Amino acid sequence: MSDVIPDVTGISPKEAKPGTKLTIRGNNFGKSPSDLVAVYVCGKNCSSSAEWQSERKIICRVAADCEGRGSVVVHTKRGPGKCQIQFTALKSTPLGPLEQSAVWVDEAPGAGAFSRSERGSIRPTSQDPLGLKKIADKPLQTEHIRLFPGQSPDPGNEQFSPTWFLLHHHKSTSFNDLKKGLVNLTQTSRGGVVPQPTTAQSASMTHIKDSLPIFFEVHEALNSIHGQMGKQSSVRGERPDMTDNLLRLLKSAESNSQNLFQDVLTQKDKADKIRNTLAVLQRFKLLFFLPGRVNELKDDILDVDKFSKVVSDVDKVRSLFRDTKVPAFQKVMKELHNSVSSLQTHLQEKLFESSVQNQTQIVRQLIELGATGDPTWDALQTSLRSMRTKNFASLEKAQKSWNNEATSIRRECISAFVEEVLTLFKSVLPDLWKLWNRYSNGTLISNDAVQSSKLKQLASTHAKEVKRLFSDEILHGVSMIRAAVLHETLQAKNATEAAERREYGIWPEACCSAVNAATMNRLLQICRAIDYKGIYGSDHIKELCFDFRVQTIRLLMEELLEEIKSLKHQEDWELLADGGTNLPKLFVSAVDEFCLLVREPVKNFPNEEVIFDRIQVETELRSLIASILCQFPVTLSQLATMEAPANLKKMWLSGAMRLVTVLSNSIHSRITKMNHIEESLTKIGFPDARKVCITVQRKFAELDNRLIEGYLETRRDPIVCAVEPGMYAGMFDWGACPRPTQVRPYVKLCLIEVVAVHAELHSVSQKLLASVLPKVIDGLGDEFVRLLGSVSKFSAHGGLQARIEIRAIEECTALYSSPRSKELFEEALKLLPPVTGNEERQLEEQIMQTFRKQMRIQLMPLRDN
């Protein structure tokens, strides 16, 4: 972030008086003026005069209250910047717009006789616009702030209030002096000079005397310039005179000054209007202050005497001003009507929020205010129907926020909408239901038997309607929730249902993917917290809660599926002591975490049904978890064939070694890990966990077979294919074979390759030897049967040589031979001519003994138990 923080590298000038233009240079001041937030000089905010020139230059004016020495800090949207350069603010005597100065003062735009400090107090200059006295610096009074909201006693402020100015600075000034001030103000507006107090006049005379030398110097300089320009013009011909430009500038300055002092006249008219307004307010005080008194009753509705007095004044004002034609009075009467209506609405809301004792008083107050009909029933109807209005407002707000492409913001948008609807159910429905029960049994006003009987009679006329009202509003709210997060449960079957479906809100298809399991689980908790017992239409909430539970489990399963798919990117190929890598443990950890999270939605609270009692739900979830767990064998299969990622090429295993490692992971998962997963699923009450695990184990077994075949193609086939070239090396002929002297080299090489396969398998897991090595030996047996079966004729020595080689291979691989390999080697021996003489048998044993001694070390792995 350091490369985007504003950095001030230079300022000009480095010391100046308040009001001076300050040029700030540096870096990262923003791409446009909108990026500039604030400029601080010596800790004072100069943002009002700041002008953004470029991302390297800003111009501002030193604040009027800037003092001492400090830093110049530029604050952009990226944050506050840094500065290593100090600025010194020189002391300066403030000058008012009507005071004279011997030198030019560069005034800031909008500068007036007053300036505002950062704390909001008025900082006066030594000038009084009325020309009566030097106005003192004193803080604003809280009473004045409340009386003139949004206004200011500062003549330089756009919201200037003349009345507040007089109260603040001329509270003790006599009326005659104020009249003199009006005369002074009139003269000023016409281009005159405000007469200042005696001290100001003497100061002015002193100023004139001090300025005379300067005046004469200026006069002489101008005469000199004029003379020189005259001489030059006669030489160079007719050219525009510089004094013409100065004349135009002076005329422009005069025009601007006249416009500046026109504001004084405008302020006088404004003061007259405010004075007249205050007079009207005082005369009709009862009318103008009555709406505020009515509004104050909202916070003190239990004060019976105060409430009765205000209601009496309301009736009095209505009788006096009902037919008024004055626009101001009509506006106040309208506001009074709105205030009374607002108070009635507030009382209706408080009717079901307050205690039983207060409800009686509120009903009586509604009647006293002239509420027609049945206030209690009106409150019930209004509250129930307002739920739909609030839900629509929440829906509109949420769908407007949906345009943001960030998934997290969309998720918050949907969840916030559903939470608002559920929270409304939770906070409103139980209270409304209690109110209806008290209303229907007459206990709302228990100390007045007549009124209580009247309430019961009124309630009996609404018995059917209240049932429909509760059911309709609950169903509508639940349907809006379903449209947002469970839209598949709202399938329109005809045109009428399609119209209703549109009323519940049409969300984009992407809203489903934006809701994750954590969000759905949070909504489930809110839904479960609703006290809907006994309420008409509560079955809709109960069914919604059940669907939330099912959807939460679905989403947790989807997250488990994605996590299992991503395991292939977490493989580090580091072998563990128990065989394989850490991937099976990660798989089990993901399933255990799923089981932990799914406990909450699976658990049934009071008045909730067991989630797996519904056959359709049970079948769907069982099938879904089985397909998700079967994804791990698929992930292992992908690992066996996928190319190494760019960041893992150094640790990525070769093809054969990778096949063996994946095979070990598959066998370990099938034999050991699936038993643990079955126990975890059983503990959370998942039905038919055993069947699910058997299905997954079948997938692992299929993967094992594919991996073994792939490994055999990589390791066994080269060994088998090398047998025939080695057997017939050097134009060997079985029919013309010389007397055997040793086991030929190709057999030894073949066995060495088998030992290499043994070492590779054993380096990963010893359990793999029994699964893979016998298939390698079977391949050798098949090859010997094929090759020896194709020989047309064996000589006696050729048959003996072949027998010795077959015995060498069979004896060395006996520990890992299978029944099939034994049959194949026996079949190969039957293809050879029998050994008849003792000499041939002795030669055979002699050669085998020599072979055993020579290959003892090399063949030790194949003989090690």
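Residues numbered from 1 in each chain as written. Predicted model: local features only at pLDDT ≥ 70, side-chain atom pairs only at ≥ 80, totals over all residues. Heavy atoms only, no water.

### Structural notes on the overall build of the protein
Item 1. Along the backbone of the protein there are 29 helices and 13 strands.
Item 2. Looking at the protein as a whole, 41% of its 865 residues are labelled buried.
Item 3. Contacts in the protein between residues at least 24 apart in sequence constitute 72% of all its contacts with a sequence separation of at least 6.
Item 4. When the accessible surface of the protein is split by element, carbon and sulfur atoms take 53% of a total near 47,400 Å². (Helix = DSSP H or I, 4+ residues; strand = E, 2+ residues; numbered from the N terminus. Buried < 20%, exposed > 50% of the residue type's maximum accessible area, 1.4 Å probe, protein only. Contact = heavy atoms within 4.5 Å. Areas by Shrake-Rupley, 256 points an atom, 1.4 Å probe, with all protein chains shown as cover.)

### Notes on the nonpolar core
Item 1. Residues V418, L422, V485, F548 and F587 are the most contacted members of the largest nonpolar core, which totals 155 residues.
Item 2. A per-element tally of this core places helix α11 (residues 407-441) first, with 15 residues.
Item 3. Excluding anything up to four places from it in sequence, F587 contacts I564, L567, L629, F632, M674 and I677.
Item 4. Counting 22 residues, the second largest nonpolar core, distinct from the first, contains F29, C42, C60 and I85. (Core = buried A, V, L, I, M, F, W, Y, C linked by side-chain atoms within 4.5 Å.)

### Considering the pairing of strand β6 (residues 51-54)
Item 1. Where β6 lies against strand β7 (residues 57-61), 3 bridges are found, and the strand directions are antiparallel. Counterpart to W52 in the pairing with β7 is I58.
Item 2. Hairpin connection, β6 to β7: the antiparallel pair is bridged by 2 residues. (Pairing = 2+ DSSP bridges.)

### Quick word on the packing of helix α10 (residues 375-401) against helix α13 (residues 463-485)
Item 1. Contact geometry for α10 and α13: axes closest at 10 Å, N-to-C directions at 10°. On the basis of their axis angle, the class for α10 and α13 is roughly parallel. Residues W377, Q381, L384, R385, R388, N391, F392 and L395 of α10 form the contact with α13, whose participating residues are E465, V466, L469, F470, D472, E473, H476, G477 and M480.
Item 2. Of the residues contributing to the contact of α10 with α13, the split by class is 8 nonpolar, 4 polar and 5 charged. (Axes fitted to C-alpha atoms, helices over the stretch in contact; angles between N-to-C directions. Parallel < 35°, antiparallel > 145°, perpendicular 65-115°, else oblique. Nonpolar A, V, L, I, M, F, W, Y, C, P; charged D, E, K, R; others polar.)

### Quick notes on the pairing of β7
Item 1. Of all 5 residues in β7, 4 are buried; the element is thus mostly enclosed.
Item 2. With 5 bridges joining them, strand β3 (residues 21-27) and β7 adopt antiparallel strand pairing. From the neighbouring strand, K21 faces β7, where its bridge partner is R61.

### Digging into the packing of helix α17 (residues 538-565) against helix α18 (residues 583-602)
Item 1. Put simply, α17 and α18 touch, their axes get as near as 10 Å, and they point 170° apart. With respect to their mutual orientation, α17 and α18 come out roughly antiparallel. Across the interface between the two elements, R549, T552, I553, L556, M557, L560, E563 and I564 from α17 touch F587, A590, V591, E593, F594, L597, V598, P601 and V602 from α18.
Item 2. A class-by-class count of the residues in the contact of α17 with α18 yields 13 nonpolar, 1 polar and 3 charged.

### Here we look at the layout of surface pockets
Item 1. Looking at the second largest pocket, its volume works out to about 480 Å³.
Item 2. As for the second largest pocket, its lining consists of 14 residues, of which L147, F148, L278, L281 and F289 are closest to the centre.
Item 3. At the level of elements, α1 (142-147), α5 (242-283) and α6 (285-296) are the ones that each hand at least two residues to the lining of the second largest pocket.
Item 4. Among the elements that make up the lining of the second largest pocket, the one with the highest residue count is α5 (5 residues). (1 Å grid on protein atoms, 1.4 Å probe; cavity = no way out; pocket = protein on both sides within 12 Å on 5 of 7 lines; lining within 4 Å. Points joined across faces, edges and corners; volume = space filled by probe spheres on them.)

### Some details on the pattern of salt bridges
Item 1. Enumeration according to the criterion identifies 25 salt bridges in this entry.
Item 2. A salt bridge links R388 to E473; its shortest N-O distance comes to 3.4 Å. Placement of R388 in helix α10 and of E473 in helix α13 is noted, with a sequence separation of 85 residues between them.
Item 3. Overall, R388 belongs to the partly exposed group, its relative accessible area being 25%.
Item 4. The class for E473 is buried, based on a relative accessible area of 8%.
Item 5. E600 is paired through a salt bridge with R528; the nearest N and O atoms lie 3.6 Å apart. With a gap of 72 residues between them, E600 in helix α18 and R528 in helix α16 (residues 517-528) connect regions that are remote in the sequence.
Item 6. On the basis of relative accessible area, R528 is assigned to the buried category, the value being 12%. (Salt bridge = Lys/Arg side-chain N within 4 Å of Asp/Glu carboxyl O.)

### Overview of the sheet that holds β7
In any sheet, the strands associate via hydrogen bonds between backbone groups, in a parallel or an antiparallel arrangement.
Item 1. Pairing is mixed in the open sheet, where 5 strands are placed in the order β6-β7-β3-β1-β10. Looking at which strands have only one partner, the edges of the open sheet turn out to be β6 and β10 (82-83).
Item 2. The pairing of strand β1 (residues 7-12) with β10 spans 2 bridges and is parallel. Bridge assignment links V8 to a residue of β10, and that residue is C83.

### Topic: the environment of Q399
Item 1. With respect to the element layout, Q399 can be found in helix α10.
Item 2. We classify Q399 as partly exposed; its relative accessible area is 28%.
Item 3. As for Q399 and G505, which are separated by 106 residues in sequence, their C-alpha atoms are 9.0 Å apart.

### So, the packing of aromatic side chains
Any aromatic ring pair is given by two values, namely how distant the centres are and how the planes are angled relative to each other.
Item 1. Here the structure, examined in full by the defined rule, presents 9 aromatic pairs.
Item 2. Plain terms: the ring middles of F160 and F165 are 6.0 Å apart, the flat faces sit at 65° to each other, and that makes the pair edge-to-face.
Item 3. Pairwise contacts between aromatic rings join W433, F470 and Y536 into one cluster.
Item 4. The ring of F546 carries the charged tip of R614 above its face, separated from the ring centre by 3.8 Å.
Item 5. R744 extends its terminal NZ or CZ atom over the ring of F732, reaching a point 3.8 Å from the ring centre. (Phe/Tyr/Trp six-rings, centres within 6.5 Å; stacked < 30°, edge-to-face > 60°. Lys NZ or Arg CZ within 6 Å of the ring centre and 35° of its normal.)

### As for a negative patch on the surface
Item 1. A contiguous patch of negative charge, built from E558, E559, E562, E563 and E593, is present on the exposed surface.
Item 2. The element best represented in the negative patch is α17, accounting for 4 residues.
Item 3. Position of E562 relative to the elements: it lies in helix α17. (Patch = residues over 30% accessible without salt bridge, like charges linked within 9 Å, V, L, I, M, F, W, Y side chains within 5 Å. Lys, Arg positive; Asp, Glu negative; His and termini not counted. Charge placed at Lys NZ, Arg CZ, Asp CG, Glu CD.)

### Some remarks on a nonpolar patch on the surface
Item 1. A contiguous nonpolar patch, built from V218, L222 and I225 and spanning about 240 Å² of accessible area, is present on the exposed surface.
Item 2. The residue I225 is located in helix α4 (residues 198-236) in this model.
Item 3. For I225, a relative accessible area of 34% corresponds to the partly exposed category.

### Section: the confidence of the model for the protein
Item 1. Summary statistics for the protein give a mean pLDDT of 79 and a share of 81% for residues scoring 70 or more.
Item 2. Confidence drops under a pLDDT of 50 for residues 100-126, and excluding neighbours within four residues, the segment shows 60 contacts in the predicted structure. (pLDDT = per-residue confidence, 0-100.)

### Digging into unusual backbone geometry
Excluding glycine, residues mostly carry a negative phi; peptide bonds, for their part, are mostly trans.
Item 1. Note that the residue after S12, namely P13, is joined by a cis bond; omega there is -5°.
Item 2. Although it is not a glycine, N607 adopts a positive phi angle of roughly 70°.
Item 3. Along the chain, N607 falls in the loop between α18 and α19 (615-629).
Item 4. Looking at N607, the relative accessible area reads 52%, which means it is exposed.
Item 5. Positive phi, close to 55°, is recorded for M731, a residue that is not glycine.
Item 6. Mapping M731 onto the fold places it in the loop between α23 (723-727) and α24 (745-764).
Item 7. On the basis of relative accessibility, which here comes to 77%, the residue M731 falls in the exposed class.

### Thoughts on the side chain of R803
Item 1. Examined against the element boundaries, R803 turns out to sit in helix α26 (residues 796-812).
Item 2. The contacts of R803, once residues within four sequence positions are left out, are L829, L832, P833, P834, V835 and E844.

### Quick notes on the environment of D782
Item 1. Here D782 is to be found in helix α25 (residues 767-789).
Item 2. In this structure D782 touches R820 and L824, once residues within four positions along its chain are discounted.

### With respect to the state of the cysteines
Item 1. One pass over the full model with this rule turns up 0 disulfides.
Item 2. Among the cysteines around C60, which has no disulfide bond, C46 carries the closest sulfur, lying 5.0 Å off.
Item 3. As a non-bridged cysteine, C83 has C42 as the owner of its nearest cysteine sulfur, 9.8 Å distant. (Disulfide = S-S within 2.5 Å.)

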